[in-house]
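# Commentary on secondary and tertiary structure
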Amino acid sequence: MRKSLLALGVVAAAASVPASAEYLYGFGGVYLDHQSWDHGFSPVNDNVGDQRNQFVLGLEGGAGFTWGEIYGFYDRESVEKNSSEQKNSMKGSAHVYLGDSGVSLYGQFYHHDNPGQSETNRVLGVGYTALQGDNWFFKPWVGVHDITSWDSYSAQDGYENVNGNNGYMAGWTARYGFNAFGQNFSFVNWNEIEFDRNDEYAHNQGGKTGLNGALLFNWHATENVTAAIQYRYFQNKLGVWGSSGNQQHYGDAIIYRMQYNF
């Protein structure tokens, strides 16, 4: 947890370091999600999918500068449950531009903790930010992956605590905005692919590679109010085990969101 808070502070502080940096844009919002793990095409499984359903209260924001761009979010999960069952997730990412080449130095961290486990992922690599237009962008990246993972049930369930190098991660963020029926809409996709995982993490998650991402359809009803439906997908990720006792190769969920934009 301490490492994640430190990393979040570093990302946030980066915006204020270059004294001559020009602020270009910014956005932020607070949202309430309902994660419906039994509403997807390939639910977690028939026995526990509905038990994973939860409400999530979150805060996100991002900004662009002449030197680069940053993004981050914080989620408080299972807010409808008592405090002993609630969870935390947070993410921070940054592209630092290498001149006008479109190439960037890229870094991200992600941290999740709950009463029984915690995991922190760190990625450092390169990205590309020049694939964009008036209503769209596609920003790929790739980097080395470092992990710290702990849980309280490793021995009894066959999990292993994992620390150190975890291979590589590649991914992208993408957005397309459009108008229809006099309303503003957008599609957003984020996607992450883990590969060449270390043996311990591959054992925990069911394979040497993994997929993690989401596709969001957003209705920007007003300047301040957005409603969204999100298709959340994963493969060999999230520590989800199938009903047969084997690692489930693919799973998904539907997430419903209401967001207030600052």
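As a starting point, this report considers the structure included with it.

What counts, and where the lines are drawn
- Residues numbered from 1 in each chain as written.
- Predicted model: local features only at pLDDT ≥ 70, side-chain atom pairs only at ≥ 80, totals over all residues.
- Heavy atoms only, no water.
- Helix = DSSP H or I, 4+ residues; strand = E, 2+ residues; numbered from the N terminus.
- Polar contact = N/O pair within 3.5 Å; in protein donor to acceptor, adjacent residues only side chain to side chain.
- Contact = heavy atoms within 4.5 Å.
- Phe/Tyr/Trp six-rings, centres within 6.5 Å; stacked < 30°, edge-to-face > 60°.
- Buried < 20%, exposed > 50% of the residue type's maximum accessible area, 1.4 Å probe, protein only.
- Pairing = 2+ DSSP bridges.
- Axes fitted to C-alpha atoms, helices over the stretch in contact; angles between N-to-C directions.
- Salt bridge = Lys/Arg side-chain N within 4 Å of Asp/Glu carboxyl O.

With respect to the secondary-structure elements, Asp33 resides in strand β1 (residues 23-36). At 2.7 Å, the side chain of Asp33 forms a polar contact with the side chain of Arg257. Dropping the residues within four chain positions of it, Asp33 is found in contact with Gln54, Phe55, Val56, Ile255, Tyr256 and Arg257.

Next up on the list: the packing of aromatic side chains. Under the criterion given, the structure shown has 16 aromatic pairs. Ring centres of Tyr176 and Phe178 lie 5.8 Å apart, and the angle between their planes is 20°; on these two criteria the pair is classed as stacked. The exposure class assigned to Tyr176 is partly exposed, which follows from its relative accessible area of 45%. Exposure remark for Phe178: the relative accessible area of 23% places this residue in the partly exposed category. Here a set of aromatic residues connected by ring pairs shows up, and it is made of Tyr176, Phe178, Phe185, Phe187 and Phe217.

Before going further, it helps to examine the sheet that holds strand β2 (residues 54-65). In space, the 12 strands of this closed barrel follow the order β1-β2-β3-β4-β5-β6-β7-β8-β9-β10-β11-β12, with antiparallel pairing throughout. Here the average twist between neighbouring strands, direction ignored, is 20°. Examined bridge by bridge, strand β7 (residues 136-151) and strand β8 (residues 162-180) share 13 bridges and lie antiparallel to one another. Paired with Ile147 across the bridge in β8 is Gly164.

Glancing now at the environment of Asn53. Residue position: Asn53 is located in the loop between β1 and β2. For the pair Asn53 and His39, spaced 14 residues apart in sequence, the C-alpha separation works out to 9.6 Å. Contact partners of Asn53, with chain neighbours within four places excluded, come to His34, Gln35, Ser36, Trp37, Asp38, Glu80 and Lys81. Within the structure, Asn53 has its side chain in polar contact with the backbone nitrogen of Trp37 (distance 2.7 Å).

Considering the arrangement of structural elements, one finds Asn179 in strand β8. In this structure, the C-alpha to C-alpha distance between Asn179 and Trp219, residues 40 residues apart in sequence, is 9.9 Å.

Sheet topology note: the strand β6 (residues 117-128)/β7 ladder contains 11 bridges and is antiparallel. For Gln117, the partnering residue across the bridge sits in β7 and is Asp151.

For the structure shown, the criterion picks out eight salt bridges. Of the charged contacts in the structure, one is a salt bridge between Lys237 and Glu119, with a shortest N-O distance of 3.8 Å. One end of the pair, Lys237, is in the loop between β11 (225-235) and β12 (251-261); the other, Glu119, is in strand β6, with 118 residues separating them in the sequence. Residue classification places Glu119 among the buried residues on the basis of a relative accessible area of 16%. The closest approach of N and O atoms between Lys237 and Glu194, which form a salt bridge, is 2.6 Å. Placement of Lys237 in the loop between β11 and β12 and of Glu194 in strand β9 (residues 183-195) is noted, with a sequence separation of 43 residues between them. For Lys237, a relative accessible area of 7% gives the class buried. Overall, Glu194 belongs to the buried group, its relative accessible area being 3%. Among the ionic contacts, a cluster of salt bridges with common partners joins Glu119, Glu194, Arg197 and Lys237.

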